[in-house]
Amino acid sequence: MANISRRDFLKFIGAGGIGAGAGYIYAESVKKTVEFLVPQVIPPEDWSPGVATWYNSLCGQCPAGCGISVRIREGRAKKIEGNPVHPVNQGRLCALGQSGLNALYNPDRIRTPLRLTGARGSGEYEPIDWDEAMTSLGGRLGSMKIQGAADRIHLLTGTVRGHLDLLLARFMEQLGAPTYLQYDYTHPHSLYAANRMVFGVDRLPYYDIRNSDLLLSFGADYLGMWISPVHHSLSYGHLRQGRPGHRGTCVQIEPRMSLSGASADRWIPAPPGTEGLLALAIAEALVDGGGYDGADRADWSAALRPFKASKLAPTIGVDAAVVAELTDAIRRAEHPLAIGGGPAAEGSHGTAAMTAVNVLNHLAGSLGRRGGVLFGADPVVADDWRVRQASYARMMEHAQIMGRGDVDVLLLHGTNPVFNLPQASGYTAALDKVGTIVALSSFMDDTTAMADLILPTNVYLESWGDDVPEPGVGLPLATLSQPVVTRIHDSRSAGDIVLGLAHQIGGELPAELPWTTMEEYIRHSWRQIYSVEAGGTDAGFDEFWKDALRSGVWARNRAEMEAAPTVSPAVLAQAGSAASEFDGAENDYPFVLQPMMTQGFVDGRGANLPWQQELPDPLTSVVFSTWVELNPTTAAELDLEEGDVVEVSSSAGTLAAPVFIYQAIRPDVVAIPIGQGHTRFGRFAEGRGTNPLDLVATVTDESSGALATAATRVTIRKTGERLSLIKTDGVSRDLGRQILGPAKEHA
Amino acid sequence: MSVSVLEALQPFKKPVLLGLVGLLGFLVGDWANGRFNSDSAPVQPIEFSHRIHASENQIPCQYCHVYAARTPSAGVPSVSKCMGCHQSIATESPEIQKLHGYWEARQPIPWIKVHDVPDFVYFTHKRHIKADLECEQCHGPVETMDRITRVESLRMPWCIDCHTENQVEHGRDCWTCHK
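Owing to the predicted nature of the structure, the values given are computational and were not obtained by experimental measurement.

**Student:** Report on the overall build of chain A, specifying residues and quantitative values.
**Tutor:** In terms of helices and strands, chain A carries 25 helices and 28 strands. On C-alpha atoms alone, chain A measures out to a radius of gyration of 29 Å, which is about the 27 Å that the 2.2 N^0.38 rule sets for 747 residues. If you line up chain A on its principal axes, its C-alpha atoms span 120 × 75 × 55 Å. Across the 747 residues in chain A, those meeting the buried criterion constitute 52%. In chain A, once contacts between residues fewer than 6 apart in sequence are set aside, the share between residues at least 24 apart is 74%.

Okay, structure coming up:
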């Protein structure tokens, strides 16, 4: 062994060297990545690392007005839950509310004020600082005010309630600019109009689903997206299981089975647009059968005579026997309740249909009664916001004014009409005629992308504010919104921007809006609420304020309910025909389009939240896309399978999307979810799916001015392309497992 | 005629030896990495000496690591805490000059973590201090260290050994640490 050749010696040296190198690199590669232990420079006094603090605040994801509890660690929001002491949601929260973190930490948030440098809509902006933005905008508004041209300044927001609404109104009033509108796709204009017509009330009454034992829903998807879904889900639980030995019954009348339909005992797929007639047929049978014994029974009987079920049956597609069964159920029920919404309220005579539902409630004796429709509960904050809610007709009037070039400055906040109004309305073109569009927005959405100046706003988790939910829970109630984290970008809340502008403009504005911050303003306003409650003194307000900040909500324990309003048979004549009329001839366009709001996206506002994108739709389990729901029979006739891309056309437009075959939809109806198809809304929303509102023809419900989104006929053409739907379900068939009872042949 | 196995293996002798030398080299390289470039004692942005603070000046651990007794994390002292003393003490030292630099720039000091457990472990200082453990039991003789060094593995068998030895209630339940 002693005589190693030179050659071998070098080989051993090489092997040893390579081995050592490999050993060193191996040891380096299995090391953990370096983590840092970053201390505070100056530690805040009110938190300790690793210990969570929960702050109660207000959810801003939809207008239901739920209370939230946000878990904060090391100054960062980690989780959002329902506020357990909030009467609306009682500790529960929907998926959209939980996704508020996606809004807060969204990488597509606007981080600095932006000024347009290219052509409008080009997306070319330069960042500017806040001083410059506020000086230039304040100067512009101020000089218009001095020149007496302030009426050419308009403000358009989404649903804004509580004191921010009052602040905006005051700002516009002091500016001398009378036009302040709110546009929110979810606002049920026809329901409001019908309540005004029948009950003479502006405020939405409280529908006491919780204590009812028979719930007739005419299209209202109360578990899905109708008014206050989390509260209704709680009520539904109580209606079903909250009273031992007593299980309430639910009947759902709608052409396409919604989440509420799937949870009901009975689903009645009446032809689209005839829901109101069915309500009247039931009302007729109720009066005729002696179920109503008011003094004006004869008048009702006469007014309802044309709606006899036996005569209407061919139109409403529901047997007289079924009507008799439902009537019988109402008579036997102690607390029957009828509610209306969804496609029934979105026909060309939506107001008349909702009137019919109200009449049915009256005749069934459900008004002003436990388990029925409750009136009263005076608001603790002035609720003028309802007057500002612009229906489609009012938006079109506004579009005309803009189209004439009569709007020099349009201030936008929290609304997306470019996405939510149909293309056929021509709204976008009118918007383009506005001199300067200023958007107060957190995200670059379809409408914000039209702006000349963008002021980035805080999301609700970073803002002061308050809200009075409508209809809430039938008690005087106000929710407080407080920043649960310090703002993470260089943004400001809309209220702070308006207060800043008031000081910038000068004149009498700083005296009329004397607060320097939204926090100061909210605190001042709550001091007023407190002194009214405390009988004119604000002694003890500080304690009250601390309590309010801690609990996130203030409510009076009990409220005097108002007596039920009297309802006269004349409303039927006043409301007119309850049957919907459709755009497009039946021969050319054989199907009725039903654009539907989903829990995930509401009207599209949730599409930039990745958690909502990956949330399976509760009925179809589809994620990430837009689909076209067809009945199996229809699909078979058109030779379509799931995933076949079809072209859906109306007189107003065309879109292409893949088919989803859904057993629980009428063969003459096509349903498409709203929410996708944004041209601008950040990386998670853009280039995904299509927007069914672009198919909607401009049919309006004259009584309310609402756009009749469920009154467009469409035709379907197979394109031959295929696009697999991404969904979490396997098949909707039971494959011989007999989980739905005895096996039947499927279509 | 005798048949030798060694004879038959003769042609493989050299490759096997080469392999052995390579393996030996590998082990030497691995050891050298641990000896001279270990992550158990990384070079920190400031050469902070626990020996000077805890031994020479007898400062108790929780004077700086204020959260240890009441929260999951012991808490590395804030820059303002350091400046509380070093505004006037040892201001000429070049390492303290670095501290002043961070303070004036209002920047945190990016200390490198030495003692760390994976994210799926729920560890809390609070419980261990309540159980009257000395800091040294897990962190070693910190008061003798100029540069902080990890002396225990902080791996699960090490945890379990201690929990078993001290008969910790529910100390061997999965959910005690993994929840």
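Having seen it, we continue.
**Student:** Outline the overall build of chain B, supporting the account with residue identities and numerical values.
**Tutor:** Counting its regular elements, chain B contains 10 helices and 1 strand. Start at the N end of chain B and walk to the C end: the helices and strands fall as α-α-α-α-α-α-β-α-α-α-α. Its C-alpha atoms give chain B a radius of gyration of 24 Å, clearly above 16 Å, the size a compact globule of 179 residues would have. Viewed in the frame of its principal axes, chain B has a C-alpha envelope of about 90 × 50 × 30 Å. For chain B, with 179 residues in total, the buried portion stands at 12%. Residue pairs in contact within chain B that sit at least 24 positions apart in sequence constitute 63% of those at least 6 positions apart.

**Student:** An account of the sheet that holds strand E4 (residues 76–82) of chain A is requested, with residue identities and associated values reported.
**Tutor:** All names here are of chain A. Taken in spatial order, the 3 strands make up an open sheet running E2-E3-E4, and their pairing is antiparallel. Here the strands that pair on one side only, and so sit at the sheet edges, are strand E2 (53–58) and E4. Taking the axes of each pair of neighbouring strands and ignoring which way they run, one obtains an average angle of 30° across the sheet. Note that E2 and strand E3 (residues 67–73) share 6 bridges and pair antiparallel. When the bridges of E3 are listed, Tyr55 appears paired with Val70.

**Student:** Lay out the pairing of strand E17 (residues 453–456) of chain A with the relevant residues and their values.
**Tutor:** Residues and elements named next belong to chain A. Residues Leu453 and Leu455 line one face of E17 and the alternating positions Ile454 and Pro456 line the opposite face, and both faces are buried. When strand E5 (residues 114–116) meets E17, the two strands line up antiparallel, connected through 2 bridges. Bridge pairing in E17 places Arg115 opposite Leu453. Pairing analysis gives 4 bridges linking strand E16 (residues 436–441) to E17, with the strands arranged parallel. Residue pairing for E17: Ser441 is matched across the bridge by Pro456.

**Student:** Let's hear about the environment of Pro590 of chain A: which residues, and what values?
**Tutor:** Residues and elements named next belong to chain A. Along the chain, Pro590 turns up in the loop between helix H23 (570–575) and strand E21 (591–596). Pro590 gets classed as partly exposed once you count the C-beta atoms within 10 Å, which come to 16. Considered as a pair, Pro590 and Arg266 are 324 residues apart in the sequence and their alpha carbons are 27 Å apart. The contact partners of Pro590, leaving out residues within four places of it in the chain, are Asp668 and Thr715.

**Student:** So what's going on with the interface of chain A and chain B? Which residues, and what values?
**Tutor:** Each partner contributes to the interface: chain A provides 32 residues, whereas chain B provides 36 residues. With 16 residues, the top contributor of residues to the side of chain A that touches chain B is helix H1 (residues 6–29) of chain A. A per-class count over the side of chain A that touches chain B returns 18 nonpolar, 8 polar and 6 charged. In terms of strand pairing, strand E1 (residues 36–37) of chain A meets strand E1 (residues 111–112) of chain B through 2 bridges, oriented antiparallel. Across the sheet, residue Phe36 of chain A finds its bridge partner in E1 of chain B, namely Ile112 of chain B.

**Student:** Residues and numbers for unusual backbone geometry, please.
**Tutor:** All names here are of chain A. Following Glu470, the chain continues to Pro471 via a peptide bond in cis, the omega torsion being -5°. Inspection of the secondary structure puts Pro471 in the loop between strand E18 (465–467) and strand E19 (477–481). At Val602, a position not held by glycine, the phi torsion is positive, near 55°. As for its placement among the helices and strands, Val602 is situated in the loop between E21 and helix H24 (610–613).

**Student:** I'd like a rundown of the environment of Gly584 of chain A, residues and numbers included.
**Tutor:** Residue and element names in this part refer to chain A. In this fold, Gly584 is placed in the loop between H23 and E21. Under the C-beta neighbour-count criterion, Gly584 is labelled buried, with 22 such atoms within 10 Å. Sequence spacing of Gly584 and Val714 is 130 residues, and the spatial spacing of their C-alpha atoms is 7.5 Å. Apart from residues lying up to four places away in sequence, Gly584 is in contact with Tyr589, Ser650, Ser651, Ala697, Thr712 and Arg713.

**Student:** Quick one: what's the story with helix H6 (residues 189–199) of chain A, residue by residue and with numbers?
**Tutor:** Residue and element names in this part refer to chain A. The buried fraction of H6 amounts to 9 of the 11 residues, a majority that puts the element mostly inside the structure. Next to the buried residues of H6 lie strand E13 (336–340), helix H13 (342–345), helix H14 (350–363), H23, strand E26 (700–701) and strand E27 (706–707). Gly200, located one to two residues past H6, shows a positive phi value of around 70°.

**Student:** Got a sec to walk through the domain arrangement of chain A? Specific residues and values, please.
**Tutor:** Residue and element names in this part refer to chain A. Along its sequence, chain A is carved into domain 1 (205–374) and domain 2 (591–722). The gap between the C-alpha centroids of domain 1 and domain 2 is 27 Å. Contacts between the two partners involve 21 residues from domain 1, matched on the other side by 22 residues from domain 2. Of all the secondary-structure elements, those providing two or more residues to the side of domain 1 that touches domain 2 are helix H8 (259–263) and H14. Considered class by class, the residues forming the side of domain 1 that touches domain 2 number 11 nonpolar, 8 polar and 2 charged.

**Student:** Describe helix H9 (residues 275–288) of chain A, and please don't skip the residues or the numbers.
**Tutor:** Residues and elements named next belong to chain A. The terminal C-alpha atoms of H9 lie 20 Å apart, and with 14 residues this matches the ideal 20 Å at 1.5 Å per residue to within 8%. Burial analysis of H9 places 13 of its 14 residues in the buried class, the great majority of the element. Note on H9: the residue one or two positions beyond its end, Gly290, has a positive phi of about 85°.

Conventions used here
- Residues numbered from 1 in each chain as written.
- Chains lettered and ligands numbered in written order.
- Predicted model: local features only at pLDDT ≥ 70, side-chain atom pairs only at ≥ 80, totals over all residues.
- Helix = DSSP H or I, 4+ residues; strand = E, 2+ residues; numbered from the N terminus.
- Rg over C-alpha atoms; globule rule 2.2 N^0.38 Å.
- Buried ≥ 20, exposed ≤ 12 C-beta atoms within 10 Å, placed from the backbone.
- Contact = placed C-beta atoms within 7 Å.
- Pairing = 2+ DSSP bridges.
- Axes fitted to C-alpha atoms, helices over the stretch in contact; angles between N-to-C directions.
- Nonpolar A, V, L, I, M, F, W, Y, C, P; charged D, E, K, R; others polar.
- Domains from an automatic or database assignment.
- Expected span 1.5 Å × (residues − 1).

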